[in-house]
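Report on the structure
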Amino acid sequence: MISNNNMKQQGFTLIELMIVAAIIGILSAVAIPAYQDYTKRAHVTEGLSLASGVKAAVAEYYSSVGLWPVSNAVAGLDASIAGHAVKSVLIGVATGGAATGTITIVYNEKVADDGTLILQPTATGGAISWDCSAGTGMSGKYLPVNCR
């Protein structure tokens, strides 16, 4: 006859496994949305890095000519600048047709389909500063800290 003192537990009980599975489920429910926001912010940063060359071309054109360029071609850039999460990086004009040197970054579905980020130049005392703002379809939570 075997006594209860000689019996050893041979693994986890069903309730212990269910508790562990519930904890993993709760942690993943919190972590997955945070990770998705993180990846979208990384894709927004890709657009800003593509725009850095465009910013340099706009600044160079302004310092040479004294006016803002009206398009990528006028600034000496390719008409289509795109990336992994970026549909286009374009130099545009204001609604009235005046050249403003504004750079519009258009994102694909990896961030927000057709969501835009606007970079607006301002020339002051020979220096050009850039203001960053969310355009149409872009959530403010995806913007870099200096654009919020």
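This section reports on the structure supplied with the text. (Residues numbered from 1 in each chain as written. Predicted model: local features only at pLDDT ≥ 70, side-chain atom pairs only at ≥ 80, totals over all residues. Heavy atoms only, no water.)

What follows concerns the overall build of the protein chain. A count of helical and extended segments in the protein chain gives one helix and four strands. N-terminal to C-terminal, the α/β element order of the protein chain is α-β-β-β-β. Taken over the C-alpha trace, the protein chain has a radius of gyration of 26 Å; the compact-globule value for 148 residues is 15 Å, which it surpasses by more than 25%. Principal-axis analysis of the C-alpha atoms gives the protein chain an extent of 100 × 30 × 25 Å. (Helix = DSSP H or I, 4+ residues; strand = E, 2+ residues; numbered from the N terminus. Rg over C-alpha atoms; globule rule 2.2 N^0.38 Å.)

This next bit is on the pattern of salt bridges. For the coordinates displayed, the defined rule picks out three salt bridges. A network of salt bridges, in which partner residues are shared, links K87, D113 and D114. (Salt bridge = Lys/Arg side-chain N within 4 Å of Asp/Glu carboxyl O.)

In this section: a nonpolar patch on the surface. A contiguous nonpolar surface patch, about 410 Å² in accessible area, is contributed by I15, I19, I23 and L27. For L27, the location among the structural elements is in helix α1 (residues 14-65). (Patch = residues over 30% accessible without salt bridge, like charges linked within 9 Å, V, L, I, M, F, W, Y side chains within 5 Å. Areas by Shrake-Rupley, 256 points an atom, 1.4 Å probe, with all protein chains shown as cover.)

Across eight bridges, strand β3 (residues 116-124) lies against strand β4 (residues 127-134) in antiparallel orientation. Bridging from a neighbouring strand, I118 pairs with S133 of β4. The hairpin formed by β3 and β4 contains two residues between the paired strands, and G125 there has a positive phi angle of roughly 60°. (Pairing = 2+ DSSP bridges.)

Attention now moves to the nonpolar core. V89, I103, I105 and Y107 are the most contacted members of the largest nonpolar core, which has 23 residues in total. When residues of this core are assigned to their parent elements, the largest contribution, five residues, is made by α1. Those residues in contact with I103, other than ones at most four positions away along the chain, are A51, V54, K55, V58, V89, L90, I91, L117, I118, L119 and W130. (Core = buried A, V, L, I, M, F, W, Y, C linked by side-chain atoms within 4.5 Å. Buried < 20%, exposed > 50% of the residue type's maximum accessible area, 1.4 Å probe, protein only. Contact = heavy atoms within 4.5 Å.)

If you walk across this open sheet you meet the four strands as β1-β2-β3-β4, and the pairing is antiparallel. Lying at the two open borders of the sheet, with one neighbouring strand each, are β1 (86-93) and β4. Sheet twist, expressed as the mean angle between neighbouring strand axes with direction ignored, is 20°. Packing against the sheet, α1 makes contact with β1, β2 (99-107), β3 and β4, and its axis sits at approximately 160° to β2. (Axes fitted to C-alpha atoms, helices over the stretch in contact; angles between N-to-C directions.)

Within the fold, A127 resides in strand β4. By relative accessible area, which is 43% here, A127 ends up partly exposed. Each C-alpha atom, one on A127 and one on L50, is 21 Å from the other, the two residues being 77 residues apart in sequence.

None of the figures reported here should be taken as evidence of function without further support.
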